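One letter stands for each residue in the lines below.
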Amino acid sequence: MWASFVAIGLMVVASLLITYARNKTTGVVRFILSLIAFLMFIPILLYMFVSIM
């Protein structure tokens, strides 16, 4: 159960990060924030699979 809460929380953080990156930043900062948000999906997927098992 806790793994699903962590996955949901990380998904919210990644969503807010990508929204901020696209609306408020440009250039290299936008790319770095988008990359961080994208890389957050790896642990999100892992926590999702743990919560299913």
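Not measured: the values here are computed from a predicted model.

As for the side chain of threonine 25
Secondary-structure assignment places threonine 25 in the loop between helix 1 (2–24) and helix 2 (27–39). Polar side-chain contacts of threonine 25 include one of 2.6 Å to the backbone oxygen of alanine 21. When near neighbours in sequence (up to four residues on either side) are disregarded, threonine 25 contacts Tyr20, Arg30 and Leu33.

Considering helix 1
An α-helical turn contains 3.6 residues, so any two residues separated by three or four positions project in the same direction. For helix 1, with 23 residues, the first-to-last C-alpha span of 33 Å sits near the 33 Å given by 1.5 Å per residue. When we look at burial in helix 1, the residues that qualify are Ala3, Ala7, Ala14, Leu17 and Ala21. Where helix 1 is buried, its residues contact helix 2 and helix 3 (41–52).

The rules we used
Residues numbered from 1 in each chain as written. Predicted model: local features only at pLDDT ≥ 70, side-chain atom pairs only at ≥ 80, totals over all residues. Heavy atoms only, no water. Helix = DSSP H or I, 4+ residues; strand = E, 2+ residues; numbered from the N terminus. Polar contact = N/O pair within 3.5 Å; in protein donor to acceptor, adjacent residues only side chain to side chain. Contact = heavy atoms within 4.5 Å. Expected span 1.5 Å × (residues − 1). Buried < 20%, exposed > 50% of the residue type's maximum accessible area, 1.4 Å probe, protein only.

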